Each structure stands twice: as C-alpha cells, then as structure tokens.
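Chain by chain, the residues:
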Amino acid sequence: GVVVVGPSGRPPFVVDAAITKVLRTGGDVRAEVNVFLLTNPGRDLRSILRGAATVSGGSVTSPQAEADMQNQALQGAVTGALRRLGQAMEAAGPGP
C-alpha cells in the first residue's frame with residue numbers, strides 16, 4: 001500500500017488496490033478496480049472506492065496493442081476510483 005500523509009503531517013491512512021476484472025469483449029477492454037482506504041497503523045478498512053473504465057480498440061490483434069488497451073483501461077479505472085479519495089478520507093475521520 002501507499003501511505004497518504006494527512007494535513008497534520010502524520011500518515012493516518014494507507015491506500016491499497018486490487019484489480020477485480022480485466023475483460024475483453026468484442027473490440028473493448030474493460031477494467032474494474034477496488035481501492036481500499038485503511039487506517040495507519042492498524043490497517044482497519046475505512047472505505048472501498050470502486051473504479052471502472054472501458055477502452056475501445058476495434059479489431060486490435062497485436063499483443064502490444066492489447067497490452068496497451070489493458071493498461072489504458074486500468075489507468076482509467078484507478079483514476080476514477082481515486083477521484084473520490086479526498087472525500088473518503090474526510091468521511092473516514094482523522095485516523096487512529
């Protein structure tokens with residue numbers, strides 16, 4: 001996980017993530033992720049932020065193009081989940 005430093009200068013939270021799905025359907029690649037907000041220390045779960053993204057690639061067949069589409073979909077999913085991180089940190093409180 002990544003330690004997120006709060007306004008007081010101490011690290012009240014750890015952010016971790018898991019890929020829940022990468023799926024190729026037709027010409028699209030869809031990725032879904034969960035981002036976990038945990039207390040530090042203690043690793044108590046405070047919030048789960050979900051993100052998803054789809055990238056269209058038509059009839060891409062090269063392994064490199066497929067990998068690029070997967071990476072783009074994963075980046076989009078993580079970005080979508082992290083958009084709500086500040087809000088989740090505020091709602092979770094100051095940590096232990």
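Rules used in this analysis
Residues numbered from 1 in each chain as written. Predicted model: local features only at pLDDT ≥ 70, side-chain atom pairs only at ≥ 80, totals over all residues. Heavy atoms only, no water. Helix = DSSP H or I, 4+ residues; strand = E, 2+ residues; numbered from the N terminus. Core = buried A, V, L, I, M, F, W, Y, C linked by side-chain atoms within 4.5 Å. Buried < 20%, exposed > 50% of the residue type's maximum accessible area, 1.4 Å probe, protein only. Contact = heavy atoms within 4.5 Å. Polar contact = N/O pair within 3.5 Å; in protein donor to acceptor, adjacent residues only side chain to side chain. Pairing = 2+ DSSP bridges. Axes fitted to C-alpha atoms, helices over the stretch in contact; angles between N-to-C directions.

Caption draft 1: Region of the structure containing unusual backbone geometry. Note the cis peptide between Asn-40 and Pro-41, where omega equals 0°. If you trace the backbone, Pro-41 turns up in the loop between strand E3 (28-39) and strand E4 (45-56).

Caption draft 2: Geometry of the nonpolar core. If you look at the biggest cluster of nonpolar residues, it comprises 20 residues, and the most contacted ones within it are Val-15, Leu-37, Leu-49, Leu-85 and Met-89. Looking at this core, the elements that each hand over two or more residues are strand E2 (13-25), E3, E4, helix H1 (63-82) and helix H2 (85-92). With near-sequence residues (within four places) excluded, Leu-37 lies in contact with Phe-13, Val-14, Val-15, Asp-44, Leu-45, Arg-46, Ser-47, Leu-85, Ala-88, Met-89 and Ala-92.

Caption draft 3: Seen up close, the side chain of Thr-39. Along the chain, Thr-39 turns up in strand E3. With a relative accessible area of 1%, Thr-39 lands in the buried category. Reaching out from Thr-39, the side chain makes a polar contact with the backbone oxygen of Pro-41 at a distance of 3.4 Å. Only 2.9 Å separates the side chain of Thr-39 from the backbone nitrogen of Asp-44, close enough to count as a polar contact.

Caption draft 4: A look at the sheet that holds E4. Taken together, 4 strands build an open sheet; the order of strands is E1-E2-E3-E4 and the sheet is antiparallel. Strands with a single pairing partner mark the edges of an open sheet, and in this sheet they are strand E1 (2-4) and E4. Between one strand and the next, the sheet's axes are offset by a mean angle of 30°, whatever the strand orientation. Taken strand by strand, H1 contacts E2, E3 and E4, and its axis lies near 40° from that of E3.

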